[in-house]
Amino acid sequence: MPERTIDFGKFGARGIKGSDAVARKLDELADGIVTPVTVRRGLMARLHYLTRTEHSRRAAREAGLTVTDRTLKAWLEEKRRPSNANLERIDAAYRQVRRQNVAPYLLRRLNANGGTRVEIHPLNQSQVPRQLQRLVEYRTMNVRRWDRIVEAWASGDQQGLDDAWEDVIVDLGSQWGQYEYVTNIGFAA
Amino acid sequence: MSDFDAIDALLAAVGPQAELPLPEVRRELREQARLSKAQVARTLGVSPSTVGAWESGRDPADEIRAKYAYLLDGLAAKFTTGTSQEAAPAEDEEEAGDEADDEVESLAAAEPCVLCGSPAGHRVAGFAQHLDPADCRPATPATAAPPDVAARTAVPPTAAPPTAAPAVTRPARGPAKRAFQELSGPGELIGRTVRAALAEHRGDVDAALAALLKRAIPDAMRLLDETRKGARYDIVAHPWIPDILRKQTSRGADQIWEARPKWTRRELPPGRHEVTALDINGAYLSALKTHLPLGQLEHTTGFAHDRRRAGVHLITPPAWEHGAVLPNPIGNRDEPGPLWVTEPTLRLLLRLSGPKHALCAPPEIHESYTSGATENLLEKFRVALKDARDTAIAEDDEVTLEYVKAMYSKFVSTMGESNYNRELYRPDWMHIIRSQAFANLWMKALKAHDEGLTVVRAMGTDELHVIGDWHRVFTEGRGVTEVKTKDTYTAGTDDTEDMPGEEA
């Protein structure tokens, strides 16, 4: 299995795409509002975050929250409640703006001191028939430059993140394809 | 004709082989010349491990043998003092002492005895010493130090001076130490940090301490990295974590029950008693020695407990019938039914259900998340901290003491899902270490009970209230194996009231 997996899970292996795991971890590091948007508290927190300054309003608009100021005002004063479609839009806009705001700081920390050590926990083979199981080891590596990864993550570019991450794991050696899907990717920032 | 030439050459080669001294003598000679195995190996064109093998019994052959014999002859000629006369008796003793303990080796050249410092002819388990205690003459304090020092290798700086002192008195020095020894161990890291902080704040103790406490977590992580250098197992800091170990909400708790003791004896024995509140020193520091799962936790179902693995287990705890005199080992649990406990709690329950104690039935294990475990993962880390703590106590160094305390306590409390320490994400370890502290306290309560003390209260990680002469059972002090008194108070009903005595 030297390169990309063609049909992941055909024999029962379980895992997620490495780049998804990286995005998940970066989201975890970026922190933010955890209360769901469907709850009043979570909604108001997101709306405040997106409308606090003129800059954040502009960022929200660019992130796809294209409602009029009048509507935003009504939502903030709780005269109206956003529709379910708009709730989703608010959540997506919040996530994107948050990522963009955090990205420069996160990038600085990840690149500092010669990069960040990344742990790669291999895919789960417990459901794979015995004779098809392969020895896939836990690996660690140091990633020096995070610019492309963080940039793709901040702009929500899944394909770009995938490509950037693949360029990183190629450094694992000829068996890098085994690490395209993983159970977890861990690093600190 | 050419055939016969070849045969002649072969016959010549078969001729008498070069004589080699005994394996120990070979090593002795090389060490006396202060040559490393690598140096010898390079010269002879073999690998260092081969030289090591020759020195532990194997014999080289042919050409190499001749070269080696030549080298040893040359060395022997240089160091004729002692070696040649002693070589013969050494041979005799080798044959005579064959049936004796094979760890005892006789020495060609006498080496200073590690116990008394005067020359000894034998080496036991790598240490030169007298076989007969009568030969061991009383020693000067400096030479008596080495065995003690060898046991605590964690602090090389303090170890260096005493070992260097007897070296001067040796007639022919047998270097028992490695050529390149690391001078700055993990223990030195703590001392250096404290000194640097004190220097930075120009001796202002409060300011230095505040600065040190602020950086305790990153420093603990650095110390951990330092102590894992060259270690067998890697610290896996970000494994996949099963849902039971994840917090349900940001402020909430996960599903693990740590078995924190919170128990007060319901009825005291009749009469008034002097109760002593004992405090266990460095409970979390001692608890760092526990079975920690190394890698990612794997799910299993079933009743068997594998001693080589550790993790968290879903168990149905056994009924506890000794609640009147001893706390329940699973703590103050209100809800019945199965619960997730960690490895130390399970091991405690299994131990108590064993034939030695037989205090309860064995727990029923339903599910487990475990991984291969070792008790030594944080051992060097713990020893480094413990040594720093002991030194600080001996020197009455409050700054180091507080700093060390902050290091281990914050290390334990932030190793889970904490934003203060993102380097390590092991909620399982956090729970296991805490449970180990609680289990340790529980075992202390049992010890007190078995020795005839009345256990009145077991609380938190380090609080144990007892009635009776506890000095028989525990030693008082500030070390981690000792206890200190927090408080003494009187409790119980007055003698005027006879009712409880009749009820009992």
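About the criteria used
- Residues numbered from 1 in each chain as written.
- Chains lettered and ligands numbered in written order.
- Predicted model: local features only at pLDDT ≥ 70, side-chain atom pairs only at ≥ 80, totals over all residues.
- Helix = DSSP H or I, 4+ residues; strand = E, 2+ residues; numbered from the N terminus.
- Buried ≥ 20, exposed ≤ 12 C-beta atoms within 10 Å, placed from the backbone.
- Contact = placed C-beta atoms within 7 Å.
- Pairing = 2+ DSSP bridges.
- Axes fitted to C-alpha atoms, helices over the stretch in contact; angles between N-to-C directions.
- Nonpolar A, V, L, I, M, F, W, Y, C, P; charged D, E, K, R; others polar.
- Parallel < 35°, antiparallel > 145°, perpendicular 65-115°, else oblique.
- Core = buried A, V, L, I, M, F, W, Y, C linked by C-beta atoms within 7 Å.
- Expected span 1.5 Å × (residues − 1).
- Arc of directions from axis to C-beta.

### Details of the overall build of chain B
Phase 1 of the analysis: Counting secondary structure elements, chain B contains 17 helices and 14 strands.
Phase 2 of the analysis: By the burial criterion, 34% of the 504 residues in chain B qualify as buried.
Phase 3 of the analysis: Taking the intrachain contacts of chain B between residues at least 6 apart in sequence as the baseline, contacts between residues at least 24 apart amount to 68%.

### Quick notes on helix α2 (residues 23-32) of chain B
Residue and element names in this part refer to chain B.
Phase 1 of the analysis: Where burial is concerned, most of α2 is hidden: eight out of the 10 residues are buried.
Phase 2 of the analysis: Every buried residue of α2 is listed here: Glu24, Val25, Arg26, Arg27, Glu28, Leu29, Arg30 and Gln32.
Phase 3 of the analysis: Directly beyond the C-terminal end of α2, a positive phi value near 55° is found at Arg34.

### Focus: unusual backbone geometry
Phase 1 of the analysis: The backbone phi angle of A:Asn113 is positive, close to 55°, even though this residue is not glycine.
Phase 2 of the analysis: Positionally, A:Asn113 belongs in the loop between α5 (84-111) and β2 (116-122).
Phase 3 of the analysis: The phi angle at B:Ala358 is positive, at roughly 50°, despite the residue not being glycine.
Phase 4 of the analysis: Along the chain, the position of B:Ala358 falls in the loop between α13 (343-353) and β11 (364-374).

### Re the sheet that holds strand β6 (residues 272-280) of chain B
Residues and elements named next belong to chain B.
Phase 1 of the analysis: With antiparallel pairing, the five strands of this open sheet are ordered in space as β5-β12-β13-β6-β14. Both outer strands of the open sheet, β5 (262-264) and β14 (483-492), are each paired with one neighbouring strand and no more. Between one strand axis and the next, the sheet turns by 25° as a mean value, whatever way the strands run.
Phase 2 of the analysis: Bridge count between β6 and β14: nine bridges; the pairing is antiparallel. Of the residues in β14, the one forming a bridge with Ile280 is Val483.
Phase 3 of the analysis: Across the sheet, helix α16 (residues 427-450) is in contact with β6, β12 (454-459) and β13 (463-467); its angle to β12 comes to roughly 170°.

### Quick notes on the interface of chain A and chain B
Phase 1 of the analysis: Taken together, the 10 residues of chain A in the interface contact 11 residues of chain B.
Phase 2 of the analysis: The set of elements that each furnish at least two residues to the side of chain A that touches chain B consists of β2 and β4 (181-186) of chain A.
Phase 3 of the analysis: It is β4(A) that contributes the most residues to the side of chain A that touches chain B, three residues altogether.
Phase 4 of the analysis: Here the residues of the side of chain A that touches chain B sort into five nonpolar, four polar and one charged.

### Focus: the packing of helix α2 (residues 40-51) of chain A against helix α3 (residues 54-62) of chain A
Residue and element names in this part refer to chain A.
Phase 1 of the analysis: As a packed pair, α2 and α3 sit with axes 6 Å apart at the nearest point and diverge in direction by 110°. Looking at the two axes, α2 sits roughly perpendicular to α3. Judged by residue contacts, Tyr49, Leu50 and Thr51 of α2 engage Ser56, Arg57 and Ala60 from α3.
Phase 2 of the analysis: Here the contact of α2 with α3 is composed, by residue class, of three nonpolar, two polar and one charged.

### As for the sheet that holds strand β3 (residues 139-143) of chain A
Adjacent strands of a sheet form backbone hydrogen bonds with each other and so pair up, either parallel or antiparallel.
Residues and elements named next belong to chain A.
Phase 1 of the analysis: Read across the open sheet, the four strands follow the order β1-β4-β2-β3; overall the sheet is antiparallel. Edge positions in the open sheet fall to β1 (16-17) and β3, since each of these has one partner strand only.
Phase 2 of the analysis: When β2 meets β4, the two strands line up antiparallel, connected through four bridges. Across the sheet, Glu119 pairs through a bridge with Gly186, a residue of β4.

### Some points on the nonpolar core
Phase 1 of the analysis: B:Val404, B:Tyr408, B:Ile433, B:Leu441 and B:Ala445 are the most contacted members of the largest nonpolar core, which totals 80 residues.
Phase 2 of the analysis: Of all the elements, α16(B) adds the most residues to this core, at 12 residues.
Phase 3 of the analysis: Those residues in contact with B:Leu441 that sit more than four places away from it in its chain are B:Pro261, B:Ile280, B:Ala283, B:Ala458, B:Thr461, B:Asp462 and B:Leu464.
Phase 4 of the analysis: Ranked by size, the runner-up nonpolar core spans 27 residues in total, among them A:Ala13, A:Ala21, A:Trp146 and A:Ala154.

### Structural notes on helix α9 (residues 186-200) of chain B
All names here are of chain B.
Phase 1 of the analysis: Look at α9: 21 Å from first C-alpha to last across 15 residues, which is about the 21 Å you get at 1.5 Å a residue.
Phase 2 of the analysis: Inspection of α9 places Pro186, Gly187, Ile190, Val194 and Ala197 among the buried residues, and these make up the whole buried set. Projected down its long axis, α9 shows its buried positions confined to an angular sector of 140°, all on one face. Away from its buried face by more than 90 degrees, α9 exposes Arg192, Ala199 and Glu200.
Phase 3 of the analysis: Buried residues belonging to α9 abut α10 (205-214), α11 (216-227), α14 (379-394) and α15 (398-414).
Phase 4 of the analysis: Positive backbone phi, at 50°, marks Arg202, one or two positions downstream of α9.

### Regarding the packing of helix α3 (residues 37-44) of chain B against helix α4 (residues 48-55) of chain B
All names here are of chain B.
Phase 1 of the analysis: In contact at an axis separation of 8 Å, α3 and α4 are set at 105° when each is read in the N-to-C sense. Taken together, α3 and α4 sit at an angle that is classed as roughly perpendicular. Residues Lys37, Ala38, Val40 and Ala41 of α3 form the contact with α4, whose own contacting residues are Pro48, Thr50, Val51 and Gly52.
Phase 2 of the analysis: Taken together, the residues of the contact of α3 with α4 sort by class into five nonpolar, two polar and one charged.

### Things to note about the pairing of strand β10 (residues 339-342) of chain B
Residue and element names in this part refer to chain B.
Phase 1 of the analysis: The sheet contact formed by strand β4 (residues 256-257) and β10 spans two bridges and is parallel. In the strand pairing of β10, Trp257 is matched with Val341.
Phase 2 of the analysis: Bridging between strand β9 (residues 309-316) and β10 involves four bridges; their strand directions are antiparallel. Paired with Leu314 across the bridge in β10 is Trp340.

### Observations concerning the environment of A:Val102
Phase 1 of the analysis: Note that A:Val102 resides in helix α5.
Phase 2 of the analysis: Measuring from C-alpha to C-alpha, the distance between A:Val102 and A:Leu29 comes to 9.4 Å, with 73 residues separating the pair along the chain.

### Some details on the environment of A:Leu50
Residues and elements named next belong to chain A.
Phase 1 of the analysis: Mapped onto the fold, Leu50 is located in helix α2.
Phase 2 of the analysis: On the basis of neighbour count, Leu50 is assigned to the buried category, with 22 C-beta atoms found within 10 Å.
Phase 3 of the analysis: Sequence-wise, Leu50 and Ala60 are 10 residues apart; in three dimensions their C-alpha atoms are separated by 5.9 Å.
Phase 4 of the analysis: Not counting residues up to four positions away in its chain, the partners in contact with Leu50 are Ser56, Ala60, Leu65, Ala93, Tyr94 and Val97.

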